[in-house]
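# Structural features, examined
Residue strings, one per chain:
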Amino acid sequence: SPKTFRALLTLAAFLGGAGGAARGPPGGREGRAAVRGGVFWSRGLEERVPRGFSEAQAAAWLEAARGARLVALERGGCGRSSNRLARFADGTRACVRYGVSPEQIRGEALSFYLARLLGLQRHVPPLALALVEARGAQWAQVQDELRAAHWAEGSVVSLTRWLPNLTDVVVPAPWRSEDGRLRPLRAAGGELANRSQAELVDLVQWTDLILFDYLTANFDRLVSNLFSLQWDPRVMQRATSNLHRGPGGALVFLDNEAGLVHGYRVAGMWDKYNEPLLQSVCVFRERTARRVLELHRGRDAAARLLRLYRHHEPRFPELAALADPHAQLLQRRLDFLAKHILHCKAKYGRRPGT
């Protein structure tokens, strides 16, 4: 709605939580230095965002998980009851996710590679795919556990390194109204000037999260909380689904299986929450915005995504597919996001020094 666009930083209504990178004192200096050109986070602030996962870690995990032999499969610690916490022969632990349907594993994998395409891999745990083969060398020592799990032979599962010491992320109290609904917060009032450096670093990460969830049509994170407000006014006082904070302060986007495939199939149901949430963001990481605009102008987002997936996961070509309507929807969502970024730049952008 027009009112949503007027608030340059309404996303601050969701944010400002504790934790994150090194803390700085609250005050006007941090706020004034936070945004440059009216719509981009400052480079200094971006540099303080915790490193999270690297491309090198993703490559190392892919190689390690492919050759690993499982010695245990345990219940608990990895979300849905059909998933398992695995232990490799070298002691490494991993979450093995078994999709209720193949589209969930495809969504998880393609969401991971879309994050890489957008330069957001620091927030999404490295992922590898594996084939359930009861007689295969990788599964030879967990035959009983496989039978108990009732996983279908030949199914593709995802393996992500198990992450210890994660903490929940809750929408912080300063931006909650009495009825539990989120309210826009205008930048014109100088609200950024009262935020600590740690809170500003969180804002940077959350803007990326909301852009990512819009592009993947992921309804199983903040959007589901917004939906639940209609009968649960205290939902924002509890942990946000599938979002955690790592020990170094980086936000971790977990369980992205609702993205792209399943999310696109039901997008019509959830976009009444996803679109206003996106439109509440009018300040961006410049690198993320540049990637979005490149994919918008190239008109080949789905092709580039599938090429990246095939390069890293050539053993599972059956997952390297997006139905034509879904490929077109990915491009339309990138177009909508690009248009929104350009709208914000036209409305709130400033030349350097102004």
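For the structure itself, look to the data block above.
Next up on the list: the environment of D335. With respect to the secondary-structure elements, D335 resides in helix α13 (residues 324–348). Placed 40 residues apart in sequence, D335 and L295 show a C-alpha to C-alpha distance of 8.5 Å.

Strand order in the open sheet made by the five strands is β3-β4-β5-β7-β6, with antiparallel pairing throughout. Strand pairing shows two members of the sheet lacking a second neighbour, β3 (70–74) and β6 (127–131), which therefore form its edges. With strand direction ignored, the average angle separating the axes of adjacent strands in the sheet is 30 degrees. Direction of pairing for strand β4 (residues 84–88) relative to strand β5 (residues 93–97): antiparallel, over a ladder of four bridges. The residue bridging R87 from the neighbouring strand is R93, located in β5. Lying over the sheet, helix α5 (residues 102–117) contacts β5, β6 and β7 (156–161), oriented at roughly 150 degrees with respect to β6.

This next bit is on the packing of helix α7 (residues 197–216) against α13. Where α7 meets α13, the axes come as close as 9 Å, and the angle between the chain directions of the two elements is 145 degrees. Across the interface between the two elements, L211, Y214 and L215 of α7 pack against L330, R333, L334, F336 and L337 of α13. Among the residues making up the contact of α7 with α13, the classes are represented as seven nonpolar, no polar and one charged.

Attention now goes to the state of the cysteines. Evaluation of the coordinates by the stated rule reveals two disulfides. The partner cysteine of C282 in its disulfide is C344, sulfur to sulfur 1.8 Å. Between C282 and C344 the disulfide shows an S-S torsion of about -85 degrees. By sign, it is left-handed. Taken together, the positions of C282 in the loop between α10 (267–279) and α11 (286–298) and C344 in helix α13 put the pair 62 residues apart, joining distant regions of the chain. Judged by relative accessible area, which is 0%, C344 ranks as buried. Among the cysteines of the chain that take part in disulfides, numbered as they appear in the sequence, the pairing is 1-2, 3-4.

Let's shift gears to the sheet that holds strand β8 (residues 167–170). The sheet built from three strands is open, its strands ordered β8-β9-β10 with antiparallel pairing. Among the strands making up the open sheet, the edge pair consists of β8 and β10 (251–253). Across this sheet, the average inter-strand angle for adjacent strands is 55 degrees, counted without regard to direction. With three bridges connecting them, β8 and strand β9 (residues 239–245) associate as antiparallel partners. Of the residues in β9, the one forming a bridge with D168 is H244. Taken strand by strand, α7 contacts β8, β9 and β10, and its axis lies near 10 degrees from that of β10.

Following the criterion strictly, the structure yields twelve aromatic pairs and no others. Centroid distance F112 to Y113: 4.8 Å. Interplanar angle 75 degrees. Geometry classified as edge-to-face. The same class applies to F112 and to Y113, which are both buried. Positioned above the aromatic ring of W162, the side-chain terminus of R93 is 4.0 Å from the ring centre.

Counted as a void, the second largest pocket has a volume near 330 Å³. G52, F53, Q57, P126 and L163 are the residues nearest the centre of the second largest pocket, which is lined by 19 residues in total. By residue number, the principal contributor to the lining of the second largest pocket is helix α4 (residues 55–67), which donates three residues. Of the residues that constitute the lining of the second largest pocket, the class distribution is twelve nonpolar, five polar and two charged.

Here is what the cut-offs are and how they apply
Residues numbered from 1 in each chain as written. Predicted model: local features only at pLDDT ≥ 70, side-chain atom pairs only at ≥ 80, totals over all residues. Heavy atoms only, no water. Helix = DSSP H or I, 4+ residues; strand = E, 2+ residues; numbered from the N terminus. Pairing = 2+ DSSP bridges. Axes fitted to C-alpha atoms, helices over the stretch in contact; angles between N-to-C directions. Contact = heavy atoms within 4.5 Å. Nonpolar A, V, L, I, M, F, W, Y, C, P; charged D, E, K, R; others polar. Disulfide = S-S within 2.5 Å. Buried < 20%, exposed > 50% of the residue type's maximum accessible area, 1.4 Å probe, protein only. Phe/Tyr/Trp six-rings, centres within 6.5 Å; stacked < 30°, edge-to-face > 60°. Lys NZ or Arg CZ within 6 Å of the ring centre and 35° of its normal. 1 Å grid on protein atoms, 1.4 Å probe; cavity = no way out; pocket = protein on both sides within 12 Å on 5 of 7 lines; lining within 4 Å. Points joined across faces, edges and corners; volume = space filled by probe spheres on them.

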